[in-house]
Amino acid sequence: MTNQQLWQAVLGELELNLTKANFTTWFKNTAISFVDGEKVFVGVPNTFTKAWLENKYHQSILKTLQKIVGPQIKEVVYKVELVKPQAQKATVVTSTAPTASPKPAAAETTPNRFGLNPKYTFSNFVVGKNNELAHAAAQAVAKNPGKSTYNPLFIYGGVGLGKTHLLQAVGHAILEADPTKKVLYTTSEKFTNDYVQAIRNRTTERFKQTYRSPDLLMIDDVQFMAAKDGTQQEFFHTFNELHQADKQIVMTSDRPPKAIPALEQRLVSRFEWGMIADIFQPDYETRIAILKAKCAERNLVLDQTIISHIATVVQNNIRELEGALNKIIAYEQFQHAPLSLELVKKTLVNQVLSGRRSATPKQLINTVAEFYDLRLDDLLGQSREKRLAFPRQIIMYLMRKELESSYPAIGQEIGGRDHTTAMHAFTKISREVETNDRLKQEIEQIKQRLFNG
Ligand code: ADP
Ligand code: MG
């Protein structure tokens, strides 16, 4: 394993416990410069980042390194140095040379000149029950950009489920069919930053030119579209202009448009114009298929029992599945031990445990209220309307199952209800989850939001 692969494995782990904004802010343009016995030297872009990593993230970084490499790692030293930037710029480029032969191997994860990750193509995307709708919609859009009824295409789902992958696959496919097309991939954060910068530098014309000219605009994670009026207004105009010109817009988000806080109504309604497709958690069979595909990509042959074990213990999302795989590879290479089921089990113990995090009943209630877009008063009040009673039961179920609260405590928390009400809710939802896939997905999404902040 190279230093780069090691750092990727560490980042993969850290990312699970940080908000996206924090993760990008503090870990962008960092890298391991070298490893010297028990010391790991991490290159950082500036003193500010250095201070933050030292003060805030040092323990997590050290622990993660130890988990991957082994306890022999004792020290992490942060050094300011120029780390190759990860080409995060959103740039509109029209390709001049035909992109006939995409080069394989080398620099696999370095984004290409469109800011697209070369790995995120349709051919690398495993289709399962969890993503077939989104996948079909994405393909329809790629075949007939701007002209299908799927404009905009809005893909939503929890973290690490393949939204970015699918989004970029559309970009790749469109370029492949017609290399003269202009495609632009960006995130809502980047869009916001660019807009703020443009105002500051009085370059709003150029900003407009950039964002209103592509044939395909891909905006990742629109839930982070800043509540700042100006940005949303600008996005509103960008959207209208592209849409009117039959240019394709594809967006992703961790939740449906309606549930994005502080998103202007006129944007919500536009996001709902075209097609909304969700991606949910992969079932066991899909997880197996994905693991097999990832092994094939890495020329790695794993025993069936090992694959089944990983697919059994890692259930949350595909990024974690990949993380688990990377960790296993890392262990094998650092410890020079042959890959046995035992070793894999040992490696993944932490993975399973680290998946559990704590939350308070209040946080749980707020998360559910926000998820279903309900007012707290209503949710905790006396009304038995189904739109309130059902989410209320979900809260009680989750308090029992995830927070391990006692029934009387749950009743108390939910507007002073009797403990039998809590028991009933728990039994009812437990039973329903077994048979209702949709509900199961909703509950998983709530849990993700609750525990992943
Ligand atoms: P999201 O944007 O939903 O958080 P990503 O698109 O970043 O998730 O996916 C996380 C990782 O999982 C990526 O490396 C991606 O390639 C991989 N992945 C997700 N879904 C699939 C899939 N269906 N087939 C193959 N790889 C996938
Ligand atoms: Mg993403």
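Here we summarise the structure given alongside this text. (Residues numbered from 1 in each chain as written. Chains lettered and ligands numbered in written order. Predicted model: local features only at pLDDT ≥ 70, side-chain atom pairs only at ≥ 80, totals over all residues. Heavy atoms only, no water.)

1. Observations concerning the pattern of salt bridges
Rules: What counts as a salt bridge is simple: a side-chain nitrogen of Lys or Arg found within 4 Å of a carboxyl oxygen of Asp or Glu. Numbered from the N terminus, helices here are DSSP runs of H or I no shorter than four residues, and strands are runs of E no shorter than two. The buried label goes to any residue with under 20% of its type's maximum accessible area, the exposed label to any with over 50%, and the partly exposed label to all in between, with areas taken from a 1.4 Å probe on protein chains only.
Within this structure, the stated rule accounts for 21 salt bridges. In this structure, Asp215 and Lys247 form a salt bridge, with 3.0 Å as the shortest nitrogen-oxygen distance. In this pair, Asp215 is assigned in the loop between helix 7 (204-212) and strand 6 (216-220) and Lys247 in the loop between helix 8 (229-244) and strand 7 (248-253), connecting sequence segments 32 residues apart. The class of Asp215 is buried, set by a relative accessible area of 18%. A residue is classified by how much of its surface remains accessible, and Lys247, at 24% relative accessible area, is partly exposed. Between Glu402 and Lys447 there is a salt bridge, and its shortest N-O distance comes to 3.4 Å. Residue Glu402 is found in the loop between helix 16 (386-401) and helix 17 (407-413), and its partner Lys447 is found in helix 19 (residues 437-452); the two are separated by 45 residues along the sequence. You'll find Glu402 and Lys447 in the same group, each marked buried. Each of the salt bridges in this network shares a partner with another, and the network as a whole consists of Glu13, Lys67 and Lys327.

2. Structural notes on the pairing of strand 1 (residues 31-36)
The side chains of a regular strand alternate between the sheet's two faces. Inclusion rule: Pairing between strands requires that DSSP locate at least two bridges from one strand to the other.
Both strand 1 and strand 2 (residues 39-44) contribute to a ladder of five bridges, which runs antiparallel. Residue Phe34 lies in a different strand from strand 2, and its bridge partner there is Phe41. Here strand 1 folds back onto strand 2, and the loop between the two strands holds two residues, one of which, Gly37, carries a positive phi near 60°.

3. Topic: the nonpolar core
Keep this limit in mind: By convention a nonpolar core is built from buried Ala, Val, Leu, Ile, Met, Phe, Trp, Tyr and Cys residues, the set being connected through side-chain atoms within 4.5 Å. Pairs of residues are marked as contacts when any of their non-hydrogen atoms sit within 4.5 Å.
By size, the foremost hydrophobic cluster in this structure holds 29 residues, and its most contacted members are Leu364, Ile394, Ile395, Ile429 and Ile443. If you list the elements that add at least two residues to this core, you get helix 14 (361-371), helix 16, helix 17, helix 18 (419-435) and helix 19. Considering every element that reaches this core, the biggest residue donor is helix 16, with eight residues. Sequence-distant contacts of Leu364, defined by excluding residues within four places in its chain, comprise Ile395, Leu398, Met399, Leu403 and Leu450. Core analysis: the next-biggest nonpolar cluster, separate from the first, contains 26 residues, Phe114, Leu116, Ala138 and Val141 among them.

4. Thoughts on the packing of helix 4 (residues 132-143) against helix 5 (residues 163-177)
Any two packed helices are characterised by the angle at which their axes cross and by the distance between the axes. We apply this condition: Comment: axis = line fitted to C-alpha atoms, over the contacting stretch for helices; angle = value between 0 and 180 degrees taken between N-to-C directions. Throughout, the term roughly parallel applies to angles under 35 degrees, roughly antiparallel to angles over 145, roughly perpendicular to angles from 65 to 115, and oblique to all others. With the far helix as reference, a near helix turned anticlockwise by less than a right angle produces a left-handed crossing, and one turned clockwise produces a right-handed crossing.
As a packed pair, helix 4 and helix 5 sit with axes 9 Å apart at the nearest point and diverge in direction by 25°. In this view, helix 4 runs roughly parallel relative to helix 5, as classed from their interaxial angle. Of the two elements, helix 4 crosses helix 5, and the hand of that crossing is right-handed. Contacts between helix 4 and helix 5 involve Ala134, His135, Ala138, Val141 and Ala142 from the first element and Leu166, Val170, Ala173 and Ile174 from the second.

5. Here we look at the side chain of Thr30
Spelled out, the test is: Counted as a polar contact is a pair of N or O atoms within 3.5 Å, where, for protein atoms, one must be capable of donating a hydrogen and the other of accepting one, and residues adjacent in sequence contribute only when both atoms are in side chains.
Within the secondary structure, Thr30 sits in the loop between helix 2 (20-27) and strand 1. Polar side-chain contacts of Thr30 include one of 3.0 Å to the side chain of Trp7.

6. Concerning unusual backbone geometry
Asn151 connects to Pro152 through a cis peptide bond whose omega is 0°. Along the chain, Pro152 turns up in the loop between helix 4 and strand 4 (153-157). The backbone phi angle of Asn29 is positive, close to 55°, even though this residue is not glycine. Inspection of the secondary structure assignment puts Asn29 in the loop between helix 2 and strand 1. With a relative accessible area of 16%, Asn29 lands in the buried category. We note that Arg202 has phi near 55°; this positive angle belongs to a residue other than glycine. Of note, Arg202 is situated in the loop between helix 6 (188-200) and helix 7. What makes Arg202 exposed here is its relative accessible area of 77%.

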